[in-house]
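Breakdown of the fold
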Amino acid sequence: MFRRRLAGAGVVVTAGALLCGCTSSAEKPETPGLEPRGTVLTTVKPARQDLTNQISLSGKVTIDPVFGIVAPVDGEIRYVNRQPSKTPATRPIWVASVWDDGVPRRVEIPKDSTFAGRLMEDRADVTAGMPVVSAKHAGYGIVAEIDSAQAYRISGAVKNVRAQIKNGPGPFPCEALGTIAALPSGTIPEPPPPSPDPQQSGAAQDVNKGTTGDPALNGSEGGGDTAGSEATGMRLVCTPPDDVKLINGASVTLDVITAKAAHVLVLPVEAVAGIQGKGKVDVVGEDRTRKTVDVTLGITDGKVVEIRKGLRGDETIAIPGPDLPTAAPNTDQGGSGAPG
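Residues numbered from 1 in each chain as written. Predicted model: local features only at pLDDT ≥ 70, side-chain atom pairs only at ≥ 80, totals over all residues. Heavy atoms only, no water.

1. Focus: the pattern of salt bridges
The full count for this structure, using the stated rule, is ten salt bridges. E76 is the salt-bridge partner of R78, the closest N and O atoms lying 2.8 Å from each other. Judged by relative accessible area, R78 falls into the partly exposed class, the value being 22%. Salt bridges here are not isolated pairs; linked through shared partners, they connect E76, R78 and R123. (Salt bridge = Lys/Arg side-chain N within 4 Å of Asp/Glu carboxyl O. Buried < 20%, exposed > 50% of the residue type's maximum accessible area, 1.4 Å probe, protein only.)

2. Looking at unusual backbone geometry
Residues G170 and P171 are joined by a peptide bond in cis, for which omega reads -5°. Its place among the elements puts P171 in the loop between β11 (160-165) and β12 (172-173). Between I319 and the following residue, P320, the backbone shows a cis peptide bond with an omega angle of 0°. The residue N167 is not glycine, and still its phi comes out positive at about 55°. (Helix = DSSP H or I, 4+ residues; strand = E, 2+ residues; numbered from the N terminus.)

3. Things to note about the nonpolar core
By size, the foremost hydrophobic cluster in this structure holds 23 residues, and its most contacted members are I77, V95, V98, V107, I109, V132 and V133. Elements supplying a minimum of two residues to this core: β3 (66-70), β4 (75-79), β5 (93-100), β6 (103-109) and β9 (131-137). No other element matches the four residues that β5 contributes to this core. When residues no more than four places from it in sequence are discounted, the contact partners of V133 are F67, G68, I69, Y79, V95, V107, I109, F115, G117 and L119. If you look at the next biggest cluster of nonpolar residues, it comprises 20 residues, including I55, I154, F172 and L246. (Core = buried A, V, L, I, M, F, W, Y, C linked by side-chain atoms within 4.5 Å. Contact = heavy atoms within 4.5 Å.)

4. Quick look at the environment of R82
In this fold, R82 is placed in the loop between β4 and β5. Among the polar contacts made by the side chain of R82, one reaches the main-chain carbonyl oxygen of W94 at a distance of 2.7 Å. (Polar contact = N/O pair within 3.5 Å; in protein donor to acceptor, adjacent residues only side chain to side chain.)

5. Some points on the environment of V237
Positionally, V237 belongs in strand β14 (residues 235-239). When its relative accessible area of 1% is taken as the criterion, V237 is described as buried. For V237, the residues in contact, after removing those within four places along its chain, are P65, V66, F67, I142, V143, E175, A176 and L177.

6. Points about the state of the cysteines
Enumeration over the complete set of coordinates arrives at one disulfide. There is a disulfide in this structure between C174 and C238, and the S-S distance comes to 2.1 Å. Residues C174 and C238 are joined by a disulfide whose S-S torsion is about 90°; by sign, that bridge is right-handed. One end of the pair, C174, is in the loop between β12 and β13 (175-177); the other, C238, is in strand β14, with 64 residues separating them in the sequence. (Disulfide = S-S within 2.5 Å.)

7. Concerning the confidence of the model for the chain
Low-pLDDT portions of the prediction should not be read for the details of their coordinates. Per-residue confidence for the chain gives a mean pLDDT of 80, with 71% of residues at or over 70. Below pLDDT 50 for its whole length, residues 9-23 participates in zero contacts with residues either more than four positions away or in separate chains. The low-confidence segment residues 200-224 (pLDDT under 50) makes 57 contacts with residues lying over four places distant or belonging to another chain. (pLDDT = per-residue confidence, 0-100.)

And the structure:
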């Protein structure tokens, strides 16, 4: 009897051992497969659509806002001898010329403004689009500060600005003044000493040192000061129609359109390295590997960006786009390079 029980137990143990052996070999867990390094998992195809570069800015009503006037061309800046005036000009003020290959291009401040300061040294080399003069609008204006993330989207010519005062008038058109670029402090030079001989003074007068009979343009007769203008950050300054009632300090929302394009080739901004001008994208081949190509970029609405050149439109593009190269460690300034 006892031997039968042992025999039965042995059969059970043997069967269990066999079962465990089969299970461990047949059901061995496997590590999930990984794609080879560099394989692209997310892609997108270029598409065509109408595109508007439209930006919303927060601003405030301001009295006598300062704005900048830029150089029209590359060249040498030569300032006209203007002193500040508290009387706004009744016509555009000629304040400087930019000389390019012997040809002068005038820099003027618009009417209803006063001269606020020089932003460059006289006879300095300047480039087109560089702020060279500051001006002060006479009366109410609207000022919206611009951060660096918005700067390149709005750096082109502002086509259309509409404003809405919070719990007040609007929407209404708002005329943009000057540039959005940040301005250094504006300076007003001391007036030149009077010449003892008026005839010699008139004969030696420089073409860029002239004055006019209009006190608002000359400034010295207008009771101006020589303090110059303070530095500003990047800002958009615009003026509303005369019939819009403004209150200093009131909050304003600005809707800014800088450009429009119809049926253009676009990609999501995440697929492109760069925002304006030249950029790069990664084209994905049939073997799922990337090839970085140069593209020419147009306008953007913050979600997609226009591709003007560099793609046919049938490519497969990787997301995210190519990264900028990593900067080499600077051991001279405490970088992470190997200690000496």
